[in-house]
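# Geometric and topological summary
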Amino acid sequence: MKKLKNWDNKTWLSSKSYISQFNRFLKTKINLNKNSKILDIGCGRANIISSLQQKYKFKYKAIGIDIVKNKNIKKNIIFKKNNGIDFLRKDKKNYDLILVKQTIHFLSPKKINLLLKLAKSRLATSGKLLIFSLKTKNNKIPCFKKMKNKLESSLKRDEKLLKIIKKNLKNNKKSYFSFIVKITLKKYIKMIENRYMSCLLDVSNKDLFNGINELNSIYNDRIKFKDTLICIEYKK
Ligand SMILES: C[S@@+](CC[C@H](N)C(=O)[O-])C[C@H]1O[C@@H](n2cnc3c(N)ncnc32)[C@H](O)[C@@H]1O
C-alpha cells in the first residue's frame, strides 16, 4: 500500500479545535502531569502529543513514532521514524499513556497481537493504553460511491481487528469520541485530491476525478458531519 501523507496536513484533524477537543477527551481518561511519559504510535505530524507537551511541559519529552517522516512534524516532541513493533522491542521505558490513534488498520492481525503484547508490557503502573479507530457502523464521512465501498470494506476488516484488540485487552472499556466537522466543499475536495484517507490511496486518478465530480453534484458549498471514533481503553 502507498504511504499516507496528507491525513493531518492542514485538515480538521490538525485544527486547533479538533486537537483541543480530543485532548479534553483524553483528560477524562487519564490524569497527566509533568512527570508523565507518553508515547504516540502512528503519530503522523504529532499534533496531539505536541499540544500535550506544550500544556504539561513533560520532563521526559513526549515520543511520537511513525513509519512516515512528514516534512512538518512538530518540533517540541521526540520523533522516531519506526514502526510500533520494532520501537517497542528496543525501547525499555514504561509509559503512563500509550496512544494508538487511527493507525491499527494498517496492521495485520498478527502484528496487532504483537504490538498489543509489547505495548501492555511497556505500561507503567496504572498506565493506560488508548486505541482509537473509526466508528465501524453508520459512519458519516462524506464519500463518493467507490470511496464508500472501499471504506465499508475497510470498516468490516476493522470490526475483526477490534475483536482481536478486545480479546487481547482484558477488562477494556469502550467509549466514543465525536467531533462535528464543518468544512467547505472546496477544502474537502482538496483533502480528497490529497488522498487524505487510506481508502483513497489506491483509487485510480480517473476514479478520483469522477468521484470529485460526484461530490460536487451531491453536496452544497458547506459540509457538516460527525466524525466519530471508538476508543478502547486498557488499564494495567
Ligand atoms: C490515519 S493516520 C493517524 C495519524 C495520527 N495518529 C492522528 O490521528 O492524527 C495513521 C498514521 O499511522 C502511520 N502508520 C501506519 N503503520 C504504522 C506502523 N506500523 N507503525 C507506526 N506508524 C504507522 C501512518 O504513516 C500514518 O501517519
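Throughout what follows, the structure given in this document is the object of discussion.

On a plain count of helices and strands, the chain comes out with 7 helices and 7 strands. When its helices and strands are written in sequence order, the chain yields α-β-α-β-β-α-β-α-β-α-β-α-α-β. In terms of C-alpha radius of gyration, the chain reaches 18 Å, essentially the compact-globule figure of 18 Å for 236 residues. With the C-alpha coordinates of the chain rotated into their principal frame, the extents come out at 55 × 35 × 30 Å. Split into buried and exposed, the 236 residues of the chain put 52% on the buried side. Long-range contacts, defined as pairs at least 24 residues apart, comprise 78% of the intrachain contacts of the chain with a sequence gap of at least 6. For the chain, the exposed area adds up to about 12,700 Å²; of that, 51% sits on carbon and sulfur atoms.

Lining the immediate environment of the ligand, one finds 16 residues, of which Trp7, Gly42, Asp66, Lys101 and Gln102 sit closest. A distance of 2.7 Å separates a nitrogen atom of the ligand from a polar atom in the backbone of Gly42. Taking Lys101, its side chain carries an N or O atom lying 2.8 Å from an oxygen atom of the ligand. Across the shell around the ligand, the residue classes tally to 7 nonpolar, 7 polar and 2 charged.

Alternating residues of strand β2 (residues 63–66) divide into Ile63 and Ile65 and Gly64 and Asp66, and every residue in both groups is buried. The parallel pair strand β1 (residues 38–41) and β2 is bridged by helix α2 (residues 47–56), and the resulting crossover is right-handed. Where β2 meets strand β3 (residues 78–81), 4 bridges bridge the pair, whose relative direction is parallel. Paired with Ile63 across the two strands is Ile78, which belongs to β3.

Bringing the environment of Ile78 into the picture now. Relative to the helices and strands, Ile78 resides in strand β3. On the accessibility criterion, Ile78 (33% relative accessible area) is partly exposed. Residues Ile78 and Lys146, spaced 68 residues apart in sequence, show a C-alpha to C-alpha distance of 38 Å. Beyond its immediate stretch of four places on either side in the chain, Ile78 contacts Lys61, Ala62, Ile63 and Gly64.

Take the packing of helix α6 (residues 185–193) against helix α7 (residues 205–218) next. One can describe the packing of α6 onto α7 by two numbers: an axis separation of 11 Å at closest approach and a directional angle of 165°. One finds that α6 runs roughly antiparallel with respect to α7. Note on packing geometry: the crossing formed by α6 with α7 is right-handed. For the pair α6 and α7, contact is made by Leu185, Tyr188, Ile189, Ile192 and Glu193 and by Leu208, Ile212, Leu215 and Asn216, respectively. Residue composition of the contact of α6 with α7, by class: 7 nonpolar, 1 polar and 1 charged.

This part is about the pairing of β1. Side chains Ile38 and Asp40 of β1 all project onto a buried face; the interleaved residues Leu39 and Ile41 project onto the opposite face, where all are buried too. Relative to strand β4 (residues 95–101), β1 runs parallel, the two sharing 3 bridges. Looking across to β4, one finds that Ile38 is bridged to Leu97. Bridge analysis of β1 against β2 gives 3 bridges, and the strand direction is parallel. Residue pairing for β2: Ile41 is matched across the bridge by Ile65.

So, on to the packing of aromatic side chains. With the rule as written, the count across this model stands at 14 aromatic pairs. Look at Phe22 and Phe177: their rings are 5.2 Å apart centre to centre, the planes differ by 90°, and that puts the pair in the edge-to-face class. Of this pair, Phe22 sits in helix α1 (residues 16–27) while Phe177 sits in strand β6 (residues 173–184), and the two are 155 residues apart along the sequence. Judged by relative accessible area, which is 3%, Phe177 ranks as buried. Ring pairing ties together the aromatic residues Tyr18, Phe22, Phe25, Phe132, Phe177 and Phe179, which thus form one cluster. Positioned above the aromatic ring of Tyr60 is the side chain of Lys37, whose terminal nitrogen or guanidinium carbon lies 4.5 Å from the ring centre. Of note, Lys101 hangs over the ring of Phe22, and the distance from its end group to the ring centre comes to 5.2 Å.

The rules behind each value
The residue numbering used here restarts from 1 in each chain and proceeds along that chain's sequence as written. Restriction of local features to residues with pLDDT of at least 70 applies here, the model being predicted, together with a cutoff of 80 or more for giving and counting side-chain atom pairs; totals for whole chains, interfaces and linings are based on all residues. In computing side-chain properties, one takes all heavy atoms of the structure into account and sets aside hydrogens as well as water. Put simply, DSSP H or I for four residues or longer makes a helix, DSSP E for two residues or longer makes a strand, and each gets a number counted from the N terminus. The atom set for the radius of gyration is the C-alpha atoms, and the globule formula is 2.2 Å times the number of residues raised to the power 0.38. The classification of residues rests on relative accessible area computed with a 1.4 Å probe and restricted to protein chains. Under 20% of the type maximum is buried, over 50% is exposed, and intermediate values are partly exposed. Pairs of residues are marked as contacts when any of their non-hydrogen atoms sit within 4.5 Å. Each accessible area value is a Shrake-Rupley result obtained with a 1.4 Å probe; residue values ignore everything except the protein chains displayed when judging cover. In these notes, residues near a molecule or strand are those with any non-hydrogen atom within 4 Å of it. N or O atoms within 3.5 Å of each other form a polar contact, as long as, within protein, one can give a hydrogen and the other can take it, and as long as residues adjacent in sequence are counted only when both atoms are side-chain atoms. The classification used treats Ala, Val, Leu, Ile, Met, Phe, Trp, Tyr, Cys and Pro as nonpolar, Asp, Glu, Lys and Arg as charged, and all other residues, Gly among them, as polar. By convention, orient the strands away from the viewer: a clockwise path from the first strand over the helix to the second makes the crossover right-handed. By the convention used here, strands pair only if DSSP detects at least 2 bridges between them. A fitted line through C-alpha atoms serves as each axis, taken over the contacting stretch for helices, and the angle formed by two N-to-C directions is quoted from 0 to 180°. For classification, angles of less than 35 degrees are called roughly parallel, those exceeding 145 degrees roughly antiparallel, those between 65 and 115 degrees roughly perpendicular, and all remaining angles oblique. Take the far helix as your reference; a near helix turned counterclockwise from it by less than a right angle gives a left-handed crossing, and one turned clockwise gives a right-handed crossing. To pair, rings of Phe, Tyr and Trp, with the six-membered ring standing in for Trp, must have centres within 6.5 Å; the planes then decide the type, stacked if under 30 degrees apart, edge-to-face if over 60, and tilted in the middle. A ring has a charge above it when a Lys NZ or an Arg CZ is no more than 6 Å from the ring centre and no more than 35 degrees off the ring normal.

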